[in-house]
2 protein chains.
Amino acid sequence: MAALRAFKSAESRGEQVPDIVCYEKQDDWGGQWNFTWRTGTDHYGEPVHSSMYRNLWSNGPKEALEFAEYTFDEHFGRPISSYPPREVLWDYIDGRATQSGVKDSVLFAHAVRWTEYDEATGTFTLTVDDLKNKRSLTEEFDEVIVATGHFAFPNVPDFDGIETFPGEVIHAHEFRGAERFAGQRLLLIGGSYSAEDIGIQSHKMGARQVTMSYRSAPQGFAWPDGVDEVPQVASFDGSTATFVDGTSREFDAVILCTGYLHHYPFLPHESQIDSPNNLYPEGLYRGVTWQKNPKIHYLGAQDQWFTFNMFDAQAWFVRDVILGRIELPDPQARQESIDAWLETYSGVEDDAAAVRFQADYIRDLIEQTDYPMFDLDAVVDTFLAWKKDKKTDILTYRDQAYRSVMTGTMAVVHHTAWIDELDDSRERYLSSQPSADEAQDAARPA
Amino acid sequence: MAALRAFKSAESRGEQVPDIVCYEKQDDWGGQWNFTWRTGTDHYGEPVHSSMYRNLWSNGPKEALEFAEYTFDEHFGRPISSYPPREVLWDYIDGRATQSGVKDSVLFAHAVRWTEYDEATGTFTLTVDDLKNKRSLTEEFDEVIVATGHFAFPNVPDFDGIETFPGEVIHAHEFRGAERFAGQRLLLIGGSYSAEDIGIQSHKMGARQVTMSYRSAPQGFAWPDGVDEVPQVASFDGSTATFVDGTSREFDAVILCTGYLHHYPFLPHESQIDSPNNLYPEGLYRGVTWQKNPKIHYLGAQDQWFTFNMFDAQAWFVRDVILGRIELPDPQARQESIDAWLETYSGVEDDAAAVRFQADYIRDLIEQTDYPMFDLDAVVDTFLAWKKDKKTDILTYRDQAYRSVMTGTMAVVHHTAWIDELDDSRERYLSSQPSADEAQDAARPA
């Protein structure tokens, strides 16, 4: 959606843009934000893309992901809270893309099966499955943008004896809501955002006991009663998990919060990122353009602090490379750029430095295009304050409000605290909002 | 495995056979019988193939699926019961294939990405993903055998309001055991084998209430208390399902027993079967050879009464087509054959006729090859007796014993009734078997 918007933006300023086709295997856009109740494979037999669950609220302040050229104020016409639920965020990204009139460029229910590059002609032949009409298509393209993200194919490691566990065993990718874990003893394997968020969501929905098992280090939040952390799982024997410290517990259900794979089954391996999830995957010039073949570009291939606005910064950069407004340096110069960023990245030792690294990365991109520069340092501060809020109270951080660096608008405090709000619908979220004035009064100091 | 065995059989009789490569996306063979605890996508990011669950026992007598040239007696060295659990059946098919020495022909952890046919050269170019080594390969072939089956991609229709259902919603493909449904109210949507078997399995494992919802007709077995059938689901509202007869019930979990899709993402649609699940999918000469391109062959594309021995009959036939021992008629003659079979099939009006139809189909294939003919009418009788056993008591039909038409051996009665046996392991199954004499005494009259 960022790429489509980027080209539309250039077009609206009178630039000539190439013919663009976007193949989307789902029936609608929105990617991760396009919630589905299905898990596994979908009604076409394709792997389900979205890892979204029913009651998800943004786990970072919306002020840190706001588009610089389509603000929350513009979309909603009034201040909203800092941590909107999924329907509201989908509405925001859908609103921008719909406003741009780019939906006609998207072929929905089209899965790319294979991408073949011809060195001689410099063109790609894409083999595509028109899932609804059951037709196979081939089309030629000059450039390819991979905009699938890398949080759609779960990493599902094996655990000794897990096949004997009698309860539900799913990956976070298949988690669609915690209601069913009320009264249950839940084991979450993993020590990052999925475990944190599914953990407190399950606590909110009445899980009897939430145990999070970490590999490298505990998350260390001030967990409420009934939630705690243990070391790595050594083995399962029926419903009992034993941990590497020798302790063991019984569980009713297990959720693997073990991350995702870079997996691009529609690309030859020579064109596929093969990296752990980090802030600078190897092989991408400026984090987007595939070094081995600079006619392939990836958006959002990084681990992410910044999200929507980073995708924009990348999309505008890639657009200008494709339009020839940005000249790609030769392979050696590109490699020097990659190496320099990797060198800087190797010096990143904590989360604060990581956020700053990503801000610097985005700044570097925006400086080369006409995407509106925004106060990246202020967003870094927002991230750091968010982290502090979480340390203070993992159950209340979503009740805090932040100021937009794009518009200066102070977010309202949501009418209901996150822990008490069971109706996450857009309707409920928007209909019962207090007035902006009331909200200003209620908001914590910025 | 049937195809590999077929070619090996010809080779061992001194025939020249072509170079064969079998691409298998899993780490081991056995297809549906290769149990995995995983659901959704696997450790490589590939859709999980097997729909097997932990405690599955064969749902038809093994005497109806026995290989004609590798008997249960030959493999186990003594009589076993008629309804072995999954590990035992896997052992049987693995034993035959291992004995044949064909494992070297299989490239495991290799997923076929795309299959391109060149009309001019008459060859296929396969694009393959070597999942372990993260390499993309292309290889040329003269003939392609599609042996994936068609029970790996679930059919997951939508239901009004299902996204509001707070409990677990899975497809039968993702069902790995019923232990976790003890004490729960379970809705199974579907009126065929998946619903029947998961239904009684869940009853066995202590589900409080099992409701099966049919679309066309109830299964009509004498269900035990706590198991019953209702018409189609009209809608969900939270945990309440309302049925088309206006009644409604609350549920803790939903399992879609809604069948599977013919889905072959590695083939162009022009080479893909597009059919409901039936005994004679259109477009396949003799049920195996693709009419539009007779260098493509499908094994096991039918709905199945007969299974393993039907796959053999098909594999031997396809082998002989490829070896030139069977001459393919011209397209028009092939179409006449297809039409004649479809015409006969259109007259099939009940299950007994369907079993006979499939027996006739298999007989027709075996008559053309050196696969050992077996008493297909006797197997039809076994199927009809099995159906009668099920009507008599759906909870005890697996305790009955049948006589092998291949060896004349009478099956033993398993030492423990199905409803009481909670340890389905191969070890337990084989270690505590009574002697064959005891078993003969205990067995019901054939």
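Please read these numbers as outputs of a predicted model, since none were measured by experiment.

Each value, and the rule that gives it
Residues numbered from 1 in each chain as written. Chains lettered and ligands numbered in written order. Predicted model: local features only at pLDDT ≥ 70, side-chain atom pairs only at ≥ 80, totals over all residues. Heavy atoms only, no water. Axes fitted to C-alpha atoms, helices over the stretch in contact; angles between N-to-C directions. Helix = DSSP H or I, 4+ residues; strand = E, 2+ residues; numbered from the N terminus. Parallel < 35°, antiparallel > 145°, perpendicular 65-115°, else oblique. Left-handed = near helix turned anticlockwise from the far one by under 90°. Contact = heavy atoms within 4.5 Å. Expected span 1.5 Å × (residues − 1). Buried < 20%, exposed > 50% of the residue type's maximum accessible area, 1.4 Å probe, protein only. Pairing = 2+ DSSP bridges. Polar contact = N/O pair within 3.5 Å; in protein donor to acceptor, adjacent residues only side chain to side chain. Core = buried A, V, L, I, M, F, W, Y, C linked by side-chain atoms within 4.5 Å. Domains from an automatic or database assignment. 1 Å grid on protein atoms, 1.4 Å probe; cavity = no way out; pocket = protein on both sides within 12 Å on 5 of 7 lines; lining within 4 Å. Points joined across faces, edges and corners; volume = space filled by probe spheres on them. Nonpolar A, V, L, I, M, F, W, Y, C, P; charged D, E, K, R; others polar. Least-squares fit on C-alpha atoms with pLDDT ≥ 70 in both. Phe/Tyr/Trp six-rings, centres within 6.5 Å; stacked < 30°, edge-to-face > 60°. Salt bridge = Lys/Arg side-chain N within 4 Å of Asp/Glu carboxyl O. Buried area = accessible area lost by both parts, 1.4 Å probe.

1. Quick look at the packing of helix α3 (residues 86-99) of chain B against helix α5 (residues 308-323) of chain B
Residues and elements named next belong to chain B.
Thought 1: The contact between α3 and α5 brings their axes to 13 Å, and the two run at 20°. Overall, the two elements α3 and α5 adopt an arrangement that is roughly parallel. As α3 runs across α5, the sense of the crossing is right-handed. Along the contact surface, α3 presents Leu89, Tyr92, Ile93 and Arg96, while α5 presents Phe308, Asp312 and Trp316.

2. Thoughts on α5 of chain B
All names here are of chain B.
Thought 1: Between its first and last C-alpha, α5 extends 22 Å over 16 residues, near the 22 Å set by a 1.5 Å rise per residue.
Thought 2: In terms of burial, α5 is largely enclosed, as 13 of its 16 residues are buried.
Thought 3: Trailing α5 by a residue or two, Gly324 shows a phi angle of about 80°, which is positive.

3. Describing the sheet that holds strand β12 (residues 240-243) of chain B
Residues and elements named next belong to chain B.
Thought 1: With antiparallel pairing, the three strands of this open sheet are ordered in space as β11-β12-β13. Single-partner strands in this sheet number two, and they are β11 (233-237) and β13 (248-250). In this sheet, adjacent strand axes meet at a mean angle of 20° when their direction is disregarded.
Thought 2: Note that β12 and β13 share three bridges and pair antiparallel. Counterpart to Thr242 in the pairing with β13 is Ser248.

4. Considerations on helix α5 (residues 308-322) of chain A
Thought 1: Look at α5 of chain A: 21 Å from first C-alpha to last across 15 residues, which is about the 21 Å you get at 1.5 Å a residue.
Thought 2: Where burial is concerned, most of α5 of chain A is hidden: 13 out of the 15 residues are buried.

5. Observations regarding the sheet that holds strand β4 (residues 123-130) of chain B
Residue and element names in this part refer to chain B.
Thought 1: Pairing in this open sheet of three strands is antiparallel, and the strands run β3-β4-β5 from one edge to the other. The sheet is open, and its two borders are formed by β3 (110-118) and β5 (135-141), each paired with just one other strand. Here the strands of the sheet are splayed against their neighbours by 20° on average, with no regard to which way each runs.
Thought 2: Two elements, β4 and β5, share seven bridges in a ladder whose sense is antiparallel. Looking at the pairing, Leu126 lines up with Glu139 of β5.

6. Some words on the environment of Glu140 of chain B
All names here are of chain B.
Thought 1: Relative to the helices and strands, Glu140 resides in strand β5.
Thought 2: Distance from Glu140 to His43, taken between C-alpha atoms, is 28 Å for residues 97 residues apart in sequence.
Thought 3: In terms of polar contacts, Glu140 uses its side chain to reach the side chain of Thr125, at 2.9 Å.

7. Focus: the nonpolar core
Thought 1: Tyr92, Leu188, Ile255 and Phe306 of chain B are the most contacted members of the largest nonpolar core, which has 84 residues in total.
Thought 2: For this core, the two domains that each supply at least three residues are domain 1 (2-152 + 260-385) and domain 2 (162-256) of chain B.
Thought 3: If we ignore the near neighbours within four places in the chain, the residues touching Leu188 of chain B are Ala195, Ile198, Gly199, Val210, Thr211, Met212, Ser213, Ile255 and Cys257 of chain B.
Thought 4: Counting residues in each nonpolar core, the second largest holds 83 residues, with Tyr92, Trp305, Met310 and Tyr429 of chain A among its members.

8. Here's the deal with empty space enclosed by the protein
Thought 1: A complete count under the given rule lists seven cavities of 30 Å³ or more for this structure.
Thought 2: The space that makes up the largest cavity amounts to roughly 310 Å³.
Thought 3: Lining the largest cavity are 28 residues, with Glu168, Ile170 and Arg180 of chain A together with Glu168 and Ile170 of chain B positioned closest to its centre.
Thought 4: Classifying every residue of the lining of the largest cavity gives 12 nonpolar, four polar and 12 charged.

9. Describing the relation of the copies chain B and chain A
Thought 1: Overlaying chain B on chain A yields an RMSD of 0.0 Å, the required transformation being a rotation through 180° with an accompanying axial translation of 0.0 Å. Between the two chains, the operation in question is that of a two-fold axis. It is Gly40 of chain B whose C-alpha, among those of chain B, lies nearest the rotation axis, at 1.8 Å.
Thought 2: Of the interface residues in chain B, 100% have counterparts in chain A that sit at the interface too, so the contact is made through matching surfaces.

10. Considering the packing of aromatic side chains
The geometry of an aromatic ring pair is captured by two quantities: the separation of the ring centres and the angle between the planes.
Residues and elements named next belong to chain A.
Thought 1: For the structure on display, the rule yields 66 aromatic pairs over all chains.
Thought 2: Between the aromatic rings of Tyr23 and Phe141, the centroid separation amounts to 6.0 Å while the plane-to-plane angle is 85°, which identifies the pairing as edge-to-face. Of this pair, Tyr23 sits in strand β1 (residues 22-24) while Phe141 is found in strand β5 (residues 135-141), placing the two residues 118 residues apart along the sequence. Taken as a pair, Tyr23 and Phe141 share a single burial class, namely buried.
Thought 3: Aromatic side chains Tyr280 and Phe357 sit 6.1 Å apart centroid to centroid with 80° between the ring planes, which places their arrangement in the edge-to-face category. In this pair, Tyr280 sits in the loop between β14 (253-256) and β15 (284-285) while Phe357 sits in helix α7 (residues 351-366), placing the two residues 77 residues apart along the sequence.

11. Here we look at the pattern of salt bridges
Thought 1: All chains considered together, the criterion is met by 56 salt bridges over all chains.
Thought 2: Arg113 of chain B serves as the salt-bridge partner of Asp129 of chain B, at 3.1 Å between the closest nitrogen and oxygen. One end of the pair, Asp129 of chain B, is in strand β4; the other, Arg113 of chain B, is in strand β3, and 16 residues separate them in sequence. Accessibility assignment for this pair places Asp129 of chain B and Arg113 of chain B in one class, buried.
Thought 3: Each member of the salt-bridge network shares a partner with another, and the members are Arg13, Glu15, Arg319, Asp320, Arg325 and Asp370 of chain A.

12. Let's talk about the interface of chain B and chain A
Thought 1: On the chain A side, the residues contacting the 45 residues of chain B number 45 residues.
Thought 2: Both faces considered, chain B and chain A share a buried interface measuring about 3,700 Å² in area, 55% of it formed by carbon and sulfur atoms.
Thought 3: Its largest share of buried area at the contact with chain A, chain B owes to Trp37, Val156 and His269 of chain B, together 19% of the area lost on that side.
Thought 4: Here chain B is connected to chain A by two salt bridges.
Thought 5: Close ionic contact of Lys134 of chain B with Asp274 of chain A constitutes a salt bridge, the shortest N to O distance being 2.9 Å.
Thought 6: Secondary-structure elements contributing two or more residues to the side of chain B that touches chain A are β3, β4, β5 and β7 (168-171) of chain B.
Thought 7: It is β4 of chain B that provides the largest number of residues to the side of chain B that touches chain A, a total of three residues.

13. Section: the domain arrangement of chain A
Residues and elements named next belong to chain A.
Thought 1: Domain annotation of chain A identifies domain 1 (2-152 + 260-385) and domain 2 (162-256).
Thought 2: For domain 1 and domain 2, the distance between their C-alpha centres works out to 31 Å.
Thought 3: The interface of domain 1 with domain 2 comprises 19 residues on the first partner and 13 residues on the second.
Thought 4: The junction of domain 1 with domain 2 conceals about 1,300 Å² of combined surface from both sides, 43% of it contributed by carbon and sulfur atoms.
Thought 5: Area buried by domain 1 at its contact with domain 2 is led by Tyr53, Asn55 and Tyr260, which between them contribute 41% of it.

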